[in-house]
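Read off the chains here:
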Amino acid sequence: MTQKLSVALAVLLIVGYGLGLVFSLKTHREVFAGGAEHAEQGEPPWPISLAVVTLAVVTVLVALVSEIFVESVQKAAETLGMSQAFVGFIVVALVGGAAEMAVAFSAARKNRLDLSVGIALGSATQIALFVGPVLVLLSYVIGPTPMDLQFWPGAVVMVFVATLVAAFITSGGRSAWFVGVLLLLVYAVFAISLYLWPPPVQ
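Residues numbered from 1 in each chain as written. Predicted model: local features only at pLDDT ≥ 70, side-chain atom pairs only at ≥ 80, totals over all residues. Heavy atoms only, no water.

## Remarks on a nonpolar patch on the surface
Together, Ile127, Phe130, Val131, Leu135, Leu138, Tyr140, Val141, Ile142 and Met147 line one region of the surface with nonpolar side chains, adding up to about 820 Å² of accessible area. Within the secondary structure, Leu138 is located in helix H6 (residues 113-139). Note on Leu138: relative accessible area 38%, which makes it partly exposed. (Patch = residues over 30% accessible without salt bridge, like charges linked within 9 Å, V, L, I, M, F, W, Y side chains within 5 Å. Areas by Shrake-Rupley, 256 points an atom, 1.4 Å probe, with all protein chains shown as cover. Salt bridge = Lys/Arg side-chain N within 4 Å of Asp/Glu carboxyl O. Helix = DSSP H or I, 4+ residues; strand = E, 2+ residues; numbered from the N terminus. Buried < 20%, exposed > 50% of the residue type's maximum accessible area, 1.4 Å probe, protein only.)

## Description of the confidence of the model for the chain
Overall, the prediction assigns the chain a mean pLDDT of 82, with 93% of residues at 70 or greater. Looking across the chain, the model is least confident in helix H2 (residues 33-42), with a mean pLDDT of 54, and most confident in helix H1 (residues 2-27), with 89. (pLDDT = per-residue confidence, 0-100.)

## Comments concerning the packing of aromatic side chains
Overall, the coordinates contain 4 aromatic pairs when judged by the stated rule. Taking the centre distance of 5.3 Å and the plane angle of 70° together, the rings of Phe86 and Tyr195 count as edge-to-face. Linking Phe86 in helix H4 (residues 84-96) with Tyr195 in helix H8 (residues 177-196), this pair joins segments that are 109 residues apart in sequence. On the basis of relative accessibility, which here comes to 40%, the residue Tyr195 falls in the partly exposed class. Each ring, one from Trp177 and one from Phe178, has its centre 6.0 Å from the other, and the planes form 85°; the classification is edge-to-face. (Phe/Tyr/Trp six-rings, centres within 6.5 Å; stacked < 30°, edge-to-face > 60°.)

## A look at the nonpolar core
By size, the foremost hydrophobic cluster in this structure holds 7 residues: Ala85, Phe86, Ile90, Met158, Phe190, Ala191 and Leu194. Going through the elements one at a time, H4 and H8 are the ones with two or more residues in this core. Excluding anything up to four places from it in sequence, Phe190 contacts Met158, Val161 and Ala162. (Core = buried A, V, L, I, M, F, W, Y, C linked by side-chain atoms within 4.5 Å. Contact = heavy atoms within 4.5 Å.)

## Describing the side chain of Ser6
By the secondary structure assignment, Ser6 is in helix H1. Residue class for Ser6 comes out buried when judged on its relative accessible area of 3%.

## Thoughts on the packing of helix H5 (residues 98-109) against H6
Orientation of H5 relative to H6, taken along the N-to-C sense of each, is 160°, at an axis distance of 7 Å. In terms of axis orientation, H5 runs roughly antiparallel to H6. The handedness of the crossing between H5 and H6 is left-handed. Along its contact with H5, which presents Glu100, Val103, Ala104, Ala107 and Ala108, the element H6 presents Leu115, Ser116, Ile119 and Ser123. A breakdown of the residues in the contact of H5 with H6 according to their chemical character gives 6 nonpolar, 2 polar and 1 charged. (Axes fitted to C-alpha atoms, helices over the stretch in contact; angles between N-to-C directions. Parallel < 35°, antiparallel > 145°, perpendicular 65-115°, else oblique. Left-handed = near helix turned anticlockwise from the far one by under 90°. Nonpolar A, V, L, I, M, F, W, Y, C, P; charged D, E, K, R; others polar.)

Structural data, given as C-alpha cells:
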C-alpha cells in the first residue's frame, strides 16, 4: 500500500513540477522577468550554443566528482560514526549545493535578495518535486528494491519547520544579517539532532 501511494504521489509531484516550469517559463514569464532584465543591464548574455555546451560539460564533471565524493563520504561516515541520515541531510546537501550556495551568496552581496532567495527555493523545489519522485520511479527499474516516500517522524518535523521558516523569511520581502544568523542556527539544530539522535535503523 505504501509503495502504491508513493508511486502515485511521485507522479503527481512531477506533474506539479512540470506545470510550475510552464507557469514560470511560458504563461507568466513577465512575473519572473525582473531578474533577467537586471542581468541584461549588468553583462551581455551568452550565446545559446555556448551556454548549452558549458552546461553539458559541467554536468558531466559534476557527475564524475559526485561519484568520487559519495565513495569517500561513505568511508568517512563509517570512520566518524555518522548516520546515513546525517550524511544525506547535512554533508551531501552542503557539498552538493556548494555551487548554488556560492551563486546565492554572490547575489546577496550585490543586494539581489530576490535572485538569492529564488536560487535557494528553486533548488529545494527541484529536489522535492522532481529529483525525489524521479528516484522513486527509477527505483522500480534500476534499483535493487523499490523506494517509497515514507519518512521517519523526525524528518517530517524538520521539513515542516524548514518550510515554515522559509515562508516567514520570504514573506516580508526584506532581510538583515541577523536573520541569516538565525537561519544558520536552525540548520545547526537540525545537524546536531541528526548526529546525536539518528533515526532508528529499519
